[in-house]
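# Coordinate inspection notes
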Amino acid sequence: CESAGTAFAITERMNQLAARLAQDHRELDTILRCLAQDAEAPCAGVLESTWDGFERRLIRHMQAEEQFLLPLVEASNPVEVARTLQEHAQIRDLIAELGVAIELHAVRASDIYRLIDLLRTHAKHEDEALYQLAGDKASVAVEHGIFAALKAALHLGPSGHAEPLSGAQARARS
């Protein structure tokens, strides 16, 4: 039956999209744990390097969600979209605050743990709700756009050009 094949393809695409985004959450969480370790026993430049890579990757992750996923569910689930955007704003505010503290060498591990708690709660909600809602409506083009954005976030430096992974990023990928 052709409709069963189409339904299977859509479900498979949804599962792949949700799985890739959930994987990105797990990788970001691993880098966060490295940040907490770096904040507790700072070595010159290590925390800053880890933070720079993490911050860029997290911002790109949120941008990909906002560009590709949220428009898919906005009409049918405006409350979900509003919640996600509000949480993204809260996350951006906290990472801006932490970025300044890191630059001033004034960050505390407890500050990093506050970000970890916020991101874990946010990721759990996205994994359980947003990704399922968006995955149901995602096209192949949307899926490829998200995958490309997440892949680019792994390799782009502050200038927007490819650069080697930081120590924490390498630890997170191994």
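Residues numbered from 1 in each chain as written. Predicted model: local features only at pLDDT ≥ 70, side-chain atom pairs only at ≥ 80, totals over all residues. Heavy atoms only, no water.

### Focus on the overall build of the protein chain
Helices and strands together make up the secondary structure of the protein chain, namely six helices and zero strands. Helices and strands in the protein chain line up, N terminus first, as α-α-α-α-α-α. By residue count, 44% of the 174 residues in the protein chain fall in the buried class. Counted over contacts in the protein chain with a minimum sequence separation of 6, partners at least 24 positions apart contribute 77%. Summing over all exposed atoms, the protein chain offers an accessible surface of approximately 8900 Å²; the carbon and sulfur share of this is 57%. (Helix = DSSP H or I, 4+ residues; strand = E, 2+ residues; numbered from the N terminus. Buried < 20%, exposed > 50% of the residue type's maximum accessible area, 1.4 Å probe, protein only. Contact = heavy atoms within 4.5 Å. Areas by Shrake-Rupley, 256 points an atom, 1.4 Å probe, with all protein chains shown as cover.)

### Observations concerning helix 3 (residues 78-103)
Since the α-helix packs 3.6 residues into each turn, any two residues three or four apart lie on the same face. Between its first and last C-alpha, helix 3 extends 37 Å over 26 residues, near the 38 Å set by a 1.5 Å rise per residue. Those residues of helix 3 that sit buried are Glu-80, Val-81, Thr-84, Glu-87, His-88, Ile-91, Leu-94, Ile-95, Leu-98, Gly-99, Ala-101 and Ile-102. (Expected span 1.5 Å × (residues − 1).)

### Considerations on the side chain of His-125
For His-125, the position within the fold is in helix 4 (residues 109-135). Ignoring anything within four residues of it in the chain, the contact list for His-125 reads Glu-80, Arg-83 and Leu-130.

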